[in-house]
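Here is what each chain is made of, one letter per residue.
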Amino acid sequence: GAVVSQHPSWVICKSGTSVKIECRSLDFQATTMFWYRQFPKQSLMLMATSNEGSKATYEQGVEKDKFLINHASLTLSTLTVTSAHPEDSSFYICSARDGGIAKNIQYFGAGTRLSVL
Amino acid sequence: GENVEQHPSTLSVQEGDSAVIKCTYSDSASNYFPWYKQELGKRPQLIIDIRSNVGEKKDQRIAVTLNKTAKHFSLHITETQPEDSAVYFCAASVNQGGKLIFGQGTELSVKP
């Protein structure tokens, strides 16, 4: 099946610093990627939809200046958590939509666990 | 916007028994309903999906049913095995390639 790579898998940072998370589709082109946040034992909460070559669409309540999304190519989307604070600590997961033979199925990355001290 | 409710939140069954997880959605325009399995600390994996033009779909021990009138869909796992233990999420989307709205998840435990 399609492979989505997400890096880093785990990051610890100091409060006030910025952290960048990468999401790559390895064997397909993804015009659309999605970013989710997941708290322990909870569901995946959609943060934003990332479209290649255009601005991301953020869900209600998600600060676009806080969570910067860039989708500069058909295989890479990045999420930057700016001026991170302890409340930003969470599990962030991306997914990429395969618009080819897989008929728009979303494949997920392995997630990034962010701990802000 | 779309809202997806999932029940139960936890489910414990004996190995070999069947497990059923139910979801309801609010947006009648939703037409794509995938189910994902997430093991602890791992990525969600698509296990089965169904489109609104189909009432039932089966893949070996897993089946999904859809009732568009009631806006309700269910996951059925037969002959459960310990390796089926995981958190299962249902989701709904207006378009197959569109954003997914997830249910709250069901933690399934299969006891040997």
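What this report covers is the structure whose coordinates are included nearby. (Residues numbered from 1 in each chain as written. Chains lettered and ligands numbered in written order. Predicted model: local features only at pLDDT ≥ 70, side-chain atom pairs only at ≥ 80, totals over all residues. Heavy atoms only, no water.)

## Considerations on the overall build of chain A
Inference 1: A tally of helices and strands in chain A yields zero helices and eleven strands.
Inference 2: Along chain A, from the amino end to the carboxyl end, the secondary structure elements read β-β-β-β-β-β-β-β-β-β-β.
Inference 3: Taking 117 residues into account, the globule formula puts the C-alpha radius of gyration at 13 Å, and chain A, at 13 Å, falls close to it.
Inference 4: Along the first, second and third principal axes, the C-alpha set of chain A runs to 45 × 25 × 20 Å.
Inference 5: By residue count, 52% of the 117 residues in chain A fall in the buried class.
Inference 6: The long-range share in chain A, meaning contacts at least 24 apart out of those at least 6 apart in sequence, stands at 54%.
Inference 7: With the model as given, the accessible surface of chain A reaches about 5,800 Å², and the carbon-plus-sulfur share is 54%.
Inference 8: For chain A, the separation between the mean place of its 11 positive charges and that of its 9 negative charges on side chains is 3 Å. (Helix = DSSP H or I, 4+ residues; strand = E, 2+ residues; numbered from the N terminus. Rg over C-alpha atoms; globule rule 2.2 N^0.38 Å. Buried < 20%, exposed > 50% of the residue type's maximum accessible area, 1.4 Å probe, protein only. Contact = heavy atoms within 4.5 Å. Areas by Shrake-Rupley, 256 points an atom, 1.4 Å probe, with all protein chains shown as cover. Lys, Arg positive; Asp, Glu negative; His and termini not counted. Charge placed at Lys NZ, Arg CZ, Asp CG, Glu CD.)

## With respect to the side chain of Gln38(B)
Inference 1: With respect to the helices, strands and loops of the structure, Gln38(B) is situated in strand β4 (residues 32-38).
Inference 2: Gln38(B) sits in the buried class, given a relative accessible area of 9%.
Inference 3: A polar side-chain atom of Gln38(B) sits 2.9 Å from a polar atom in the side chain of Gln38(A).
Inference 4: Engagement of the side chain of Gln38(B) in a polar contact is seen with the backbone oxygen of Lys42(B), the distance being 2.9 Å.
Inference 5: Those residues in contact with Gln38(B) that sit more than four places away from it in its chain are Gln38(A), Leu44(A), Phe91(A), Ile93(A), Arg43(B), Pro44(B), Ala86(B), Val87(B) and Phe89(B). (Polar contact = N/O pair within 3.5 Å; in protein donor to acceptor, adjacent residues only side chain to side chain.)

## Comments concerning a nonpolar patch on the surface
Inference 1: A contiguous nonpolar surface patch, about 390 Å² in accessible area, is contributed by Trp10(A), Ile12(A) and Leu117(A).
Inference 2: Tracing the backbone shows Leu117(A) in the segment after β11 (112-116). (Patch = residues over 30% accessible without salt bridge, like charges linked within 9 Å, V, L, I, M, F, W, Y side chains within 5 Å. Salt bridge = Lys/Arg side-chain N within 4 Å of Asp/Glu carboxyl O.)

## Examining the state of the cysteines
Inference 1: Counted according to the given criterion, the structure contains two disulfides over all chains.
Inference 2: A sulfur-sulfur distance of 2.0 Å marks the disulfide that ties Cys23(A) to Cys94(A). Negative torsions about the S-S bond denote left-handed disulfides, and the value of about 80° found for Cys23(A) with Cys94(A) makes this one right-handed. Taken together, the positions of Cys23(A) in strand β3 (residues 19-25) and Cys94(A) in strand β9 (residues 90-98) put the pair 71 residues apart, joining distant regions of the chain. With respect to class, Cys23(A) is no different from Cys94(A); both count as buried.
Inference 3: Each sulfur in the disulfide pair Cys23(B) and Cys90(B) lies 2.0 Å from the other. The disulfide joining Cys23(B) to Cys90(B) has a torsion of about -100° about its S-S bond and is therefore left-handed. Here Cys90(B) lies in strand β9 (residues 86-92) and Cys23(B) lies in strand β3 (residues 19-25), a separation of 67 residues in the sequence.
Inference 4: Among the residues examined, Cys90(B) registers a relative accessible area of 0% and is labelled buried. (Disulfide = S-S within 2.5 Å.)

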